[in-house]
Amino acid sequence: MSNRQVIDSYFAAMRRGAAAETEMMDLFADDAVYVEPFIGGEPAVGKAPIRDRLRRGWEFPLPGLELEVIEVEVDGASARTRWECRSPALPEPVQGEDRYEFVDRKISRLEVRLLGAE
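Residues numbered from 1 in each chain as written. Predicted model: local features only at pLDDT ≥ 70, side-chain atom pairs only at ≥ 80, totals over all residues. Heavy atoms only, no water.

Trainee: Kindly report on the nonpolar core, identifying the contributing residues and their values.
Mentor: Core analysis: the biggest nonpolar cluster contains 26 residues, and Tyr-10, Phe-28, Tyr-34, Ile-50, Tyr-100, Ile-107 and Leu-110 have the highest contact counts within it. Counting only elements with at least two residues in this core, the list comes to α1 (3-16), α2 (21-26), β1 (28-35), α3 (47-58), β4 (78-86), β5 (94-103) and β6 (106-114). Among the elements that make up this core, the one with the highest residue count is α1 (five residues). Apart from the residues within four sequence positions on either side, Phe-28 is in contact with Tyr-10, Lys-47, Ile-50, Lys-106, Ile-107 and Leu-110. (Core = buried A, V, L, I, M, F, W, Y, C linked by side-chain atoms within 4.5 Å. Buried < 20%, exposed > 50% of the residue type's maximum accessible area, 1.4 Å probe, protein only. Helix = DSSP H or I, 4+ residues; strand = E, 2+ residues; numbered from the N terminus. Contact = heavy atoms within 4.5 Å.)

Here's what the structure looks like:
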């Protein structure tokens, strides 16, 4: 699986939510770092903390979630994506950017940032 395929698989799993937990976790390296603005706090380091963080987010899924990938740039062992999330529960679409680092075709670091939220 190429790094681009890892990203495509990540977004496919995000769209499926909790039903894709196993597929999602297979994309991360054992010692991966996950930084995200949704649950907050310190970065999640390692698969178990990342799984816990994702599960907390899946407890209250957005109804009618649409997740569109707008842009993907892969540069060797790093990548950047821009995306937009829509749901009737949101007052307006939310845009974000993900930055990835890969080791052996696994996500070793993922930083998620909301755009326009600074």
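Trainee: Explain unusual backbone geometry to me, and be specific about the residues and the numbers.
Mentor: Positive phi, close to 50 degrees, is recorded for Asp-104, a residue that is not glycine. Summarising the element assignment, Asp-104 is placed in the loop between β5 and β6. Residues other than glycine seldom take positive phi values, yet Arg-105 does so here, at roughly 60 degrees. Structurally, Arg-105 can be placed in the loop between β5 and β6. According to the relative accessible area criterion, Arg-105 is exposed, its value standing at 53%.

None of this, on its own, says anything about what the molecule does.
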